[in-house]
Structures are given as structure tokens and as C-alpha cells.
Amino acid sequence: MSIIERAADKLKINVDVEQKQAIKNIQRDIIHDSKRKIQKDTPDIERITEKFRNTITATPKIQPIEQQEVNNAIKINREYIDKPIYIPGRSAVGNKPNIDNHLSQPHINIDLDRLHRLGIVTPQHGKTQIAEQFRIIKRPLLTNAFSKNSGIKNGNLIMITSSLAGEGKSFCSTNLAMSIAMEMDNRVLLVDADVARPSIPKILDFNPDRKGLLDIILDQRLNVSDILTKTSVDKLTLISAGTRHPHATELLASQSMADILRELAQRYSDRIVIFDSPPLLLTSEARVLASQMGQIVLVVEAERTTQQTVKEALRQIESCDVINLIYNKARTSAASGYYGYYYSS
Ligand SMILES: Nc1ncnc2c1ncn2[C@@H]1O[C@H](COP(=O)(O)OP(=O)(O)O)[C@@H](O)[C@H]1O
Ligand SMILES: [Mg+2]
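Since the structure is predicted, the reported quantities are computational estimates derived from the model, not experimental observations.

J.: Before we move on, could you go through the overall build of the protein chain and cite the residues and values that matter?
T.: A tally of helices and strands in the protein chain yields 13 helices and eight strands. Looking at the protein chain as a whole, 43% of its 345 residues are labelled buried. Counting only contacts in the protein chain whose residues sit at least 6 apart along the sequence, the fraction spanning at least 24 positions is 83%.

Right under this line is the structure:
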């Protein structure tokens, strides 16, 4: 049984037991398992990702991470075992005005120095190592999105996902969005679609209490321009996760969400739409979302995600033709320790 199967299994058994104790036990098991598996499996990650060799980019580790991410992953899982709910589809796209001019959400001011300290690419801080990495990562994505000959349907819709929580989806989504927004010709829309655990407000430092994705899924009267938020970075617009909902992740698999995606692909075909998404192995809805995306970026955490886990995640997204891998938090080879470690000082 995989770590995830076991975690899910335990959760089902323990649903009625005191939640704190159950989570503690699972966390202990997972940490124990991953310690064992890391030693056994890590070198093999190279082999299984061979198919994607040309698309793999190693993203340097720039600051220490916290193990508590594993704990948070379990919470998403609890939500998943609740009963499904039915949300009706939205009406056809129609001729609603297409533009950000009359956006009702308050504007967000992004503190670029703070962002730089978190390891995110900014227009002000020049050619850092992380900026260089994301320059390489975005290039094929942009070509796929806008090249007439690419033959990729909805190539401007890009999902950033991973097998498990804490691998760096939000980190990579924000970096990619900033990197693209810094280009002369490209506009980018960053969507916080990890709706059960939204973290874009924490990274960009804004109040999460604003209308967003969950609101538009549930309320037929809203349209995309009601939830778009402009930022102080000229070419970067946001859609936040929206008002909390007990079935947040399930809503991503609704017909209403599919209609919104179609609308984004058509109406915003001139810009890249990046979805910071839930992890594939903890929610079945992430797979549904993946099946509607033009391109997928799978973030793989170096030295933690096992071969088996990556294989399983790749199986979930087989239906998408364009899959890129980011090997995240990779160490440098020699004594210099982690790549770009100076960022955290
Ligand atoms: N390349 C990296 N170097 C250093 N820290 C990273 C890197 N990628 C992610 N992190 C850190 O790891 C933690 C989890 O990343 P996050 O993007 O929130 O994961 P996810 O969205 O997949 O749950 C965060 O504290 C983040 O800052
Ligand atoms: Mg996240």
C-alpha cells in the first residue's frame, strides 16, 4: 500500500476518532515512510522521468522548508471523503464585455522587496539564479500557448500541480506568473485554484476576504470580470480562491467550473492563465481539472517525492498531451550546499 493509500485508509477508519490524534499518527507514519523511501527511491526518479527529459528543469532550493506541510495535506484529504454535491453548469459565454477596466475588486499592491526576500522573481532585482531558472521554464510554455502550429487546445491554460502538498506548487506558480508578467508582450492571470488551502494571499501579502473562484462557481450572476483583481505589477491580474466553502475542492470538478475554464480559454486567449492547483494524489478533483488544461506543469520535490509517487501522479494526468516537470528544491552538486542559498540571508 502506498503512503497515500495508507493515509486515506487510516482517515476513513478514524473519521470518528479524535481528529488530532489521527492526524498525528498519520504524520508520524508518513515521515517514517518517506525517510525510508527517500534512500531507496530517490536515484530512480531520474529514470522514470526519462520520457520528460527535455522538459525537466531543476529549480534551486532557496530557503529551508517546514515539515508541517504533510499535516496540512491530510486536511485536504478529510474534505475529499465528505459527500459529493451537485452544482449546475453556467450559461453559455455570450457577449459579455471583455476587459479589466471596470473591475470591482480592490487593487492589490505587491511589495516587491518582500517578494524578493521570499525567493520570488521580481522586475527590480535583476538576473538572479531563480529568475534565470524560470526564464528557461516559461519559454516552452509560451511557445506552446501562442504558436499557431502547436496544435495544442487551450494551450494558454496552464495547471501547476504536484503529487502531494508542500512540493512547491504555489512557489512555482507565483514565480512563473511574475516571470511572464515581466515580459514586454505577455499578460498573465494567476488563479488560486488550490481552493482548500489557498496560499497566494500569503505569498503576495493581501487580505484573502475577496470574491474569487469559489464565488463565481456558485453564483451564476457573477462573471469573470467581477472576480478579477488588478495588481501593482502592470501585466499581472489575479483571481483569488474566494469565499471559503466546505466542499471547496469538489467544486473544481463541477460543470460550472468547466464553463468558467472555457470562458477563460476563449475570452483571455491572448494571455497566459496559470492555475495554482491542488495536489493530484490527495484529491480526485485535481485530475478532472487537469483534463481540461492545455498544459500541465508537475512539480516534483527533490529528495522527498518517491519514484512510485511520481509515477502515480503521471498516471492521473495521462489525458493531457503537454506535461512539463519541474524538479524543485534541488541541491547543487558540490560543497556549495543549496543553490542560491544566499537568498535566505
Ligand atoms: N525552490 C524552493 N526553494 C526553497 N523553498 C521552496 C522552494 N519551493 C518551495 N519552497 C517552500 O516550500 C514550502 C511549500 O511550498 P508551496 O509552494 O507552498 O507548496 P505547495 O503549494 O505545493 O503546497 C513553502 O514554504 C515554500 O516557500
Ligand atoms: Mg500551495
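J.: For the nonpolar core, give the residues involved together with the corresponding values.
T.: Across soluble globular proteins, nonpolar side chains have a tendency to be buried as a group. Counting residues in hydrophobic clusters, the biggest one holds 75 residues, and the most contacted among them are I158, L213, V273 and I274. Among the elements that make up this core, the one with the highest residue count is helix 6 (residues 169-181) (seven residues). Once you skip the residues sitting within four places of it in the chain, V273 turns out to touch N156, L157, I158, L189, V191, L264 and Y268.

J.: Could you give an account of helix 5 (residues 129-146), naming the residues involved and the relevant values?
T.: Along its 18 residues, helix 5 runs 26 Å from first to last C-alpha, staying within 8% of the 26 Å computed at 1.5 Å per residue. Along helix 5, the sharpest change in direction is near 25° and occurs at K138; proline P140 comes one to four residues later. Those residues of helix 5 lying buried are I130, Q133, F134, I137, K138, L141 and A145.

J.: Summarise the pairing of strand 7 (residues 295-301); cite the residues concerned and give the values.
T.: Taken residue by residue, a regular strand's side chains alternate between the two faces of the sheet. Most of strand 7 is tucked away, with seven of its seven residues classed as buried. Of the two faces of strand 7, the one lined by Q295, V297, V299 and E301 and the one lined by I296, L298 and V300 are each fully buried. Inspection of the sheet shows strand 2 (residues 157-162) paired to strand 7 by five bridges, in the parallel sense. Its bridge partner lying in strand 7, S162 is registered against V299. Relative to strand 8 (residues 323-330), strand 7 is paired through six bridges, and the arrangement is parallel. In the strand pairing of strand 8, L298 is matched with L325. With respect to chirality, the unit in which strand 7 leads through helix 13 (residues 307-316) into the neighbouring parallel strand 8 is right-handed.

J.: An account of the confidence of the model for the protein chain is needed here, citing residue identities and associated values.
T.: When pLDDT is averaged across the protein chain, the result is 77; 66% of the residues are at 70 or more. The element-level mean pLDDT for the protein chain is lowest in helix 3 (residues 69-80), coming to 29, with strand 2 highest at 98. This stretch, residues 11-16, has a pLDDT under 50; its non-local contacts, to residues over four places away or in other chains, come to seven contacts. This model gives residues 92-98 a pLDDT under 50, and the stretch forms six contacts once residues within four places in sequence are excluded.

J.: Run through the pairing of strand 2, naming residues and quoting values.
T.: Along strand 2, six of the six residues are buried, which leaves the element largely enclosed by surrounding structure. Burial along strand 2 is two-sided: L157, M159 and T161 and I158, I160 and S162, pointing in opposite directions, are all buried.

J.: Outline the packing of helix 5 against helix 6, listing residues and values.
T.: At their nearest, the axes of helix 5 and helix 6 sit 9 Å apart, and the two run at 80° to each other. Judged on the interaxial angle alone, helix 6 and helix 5 are roughly perpendicular. Contacts between helix 5 and helix 6 pair I130, A131, F134, R135, I137 and K138 from the former with N175, L176, S179 and I180 from the latter. Residue classes in the contact of helix 5 with helix 6 are distributed as six nonpolar, two polar and two charged.

J.: Could you give me a rundown of the environment of R135, with the residues and numbers involved?
T.: Residue position: R135 is located in helix 5. As for R135 and S179, which are separated by 44 residues in sequence, their C-alpha atoms are 6.8 Å apart.

J.: So what about the environment of V191? Which residues, and what values?
T.: Looking at the secondary structure, you find V191 in strand 3 (residues 187-192). The class for V191 is buried, based on 29 C-beta atoms found within 10 Å. The contact partners of V191, leaving out residues within four places of it in the chain, are L213, I239, V273, I274, F275 and D276.

J.: Before we move on, could you go through unusual backbone geometry and cite the residues and values that matter?
T.: If you check the backbone angles, N154 has positive phi at about 50° while not being a glycine. For K329, which is not a glycine, the phi torsion comes out positive at approximately 60°. The topology assignment puts K329 in strand 8.

J.: Which residues make up the environment of R304, and what are the values?
T.: Structurally, the position occupied by R304 is in the loop between strand 7 and helix 13. R304 sits in the buried class, given 22 other C-beta atoms within 10 Å. Measuring from C-alpha to C-alpha, the distance between R304 and K329 comes to 9.7 Å, with 25 residues separating the pair along the chain.

The rules we used
Residues numbered from 1 in each chain as written. Chains lettered and ligands numbered in written order. Predicted model: local features only at pLDDT ≥ 70, side-chain atom pairs only at ≥ 80, totals over all residues. Helix = DSSP H or I, 4+ residues; strand = E, 2+ residues; numbered from the N terminus. Buried ≥ 20, exposed ≤ 12 C-beta atoms within 10 Å, placed from the backbone. Contact = placed C-beta atoms within 7 Å. Core = buried A, V, L, I, M, F, W, Y, C linked by C-beta atoms within 7 Å. Expected span 1.5 Å × (residues − 1). Bend = angle between axes of the 7 residues up to and from the residue. Pairing = 2+ DSSP bridges. Right-handed = clockwise from strand over helix to strand, strands pointing away. pLDDT = per-residue confidence, 0-100. Axes fitted to C-alpha atoms, helices over the stretch in contact; angles between N-to-C directions. Parallel < 35°, antiparallel > 145°, perpendicular 65-115°, else oblique. Nonpolar A, V, L, I, M, F, W, Y, C, P; charged D, E, K, R; others polar.

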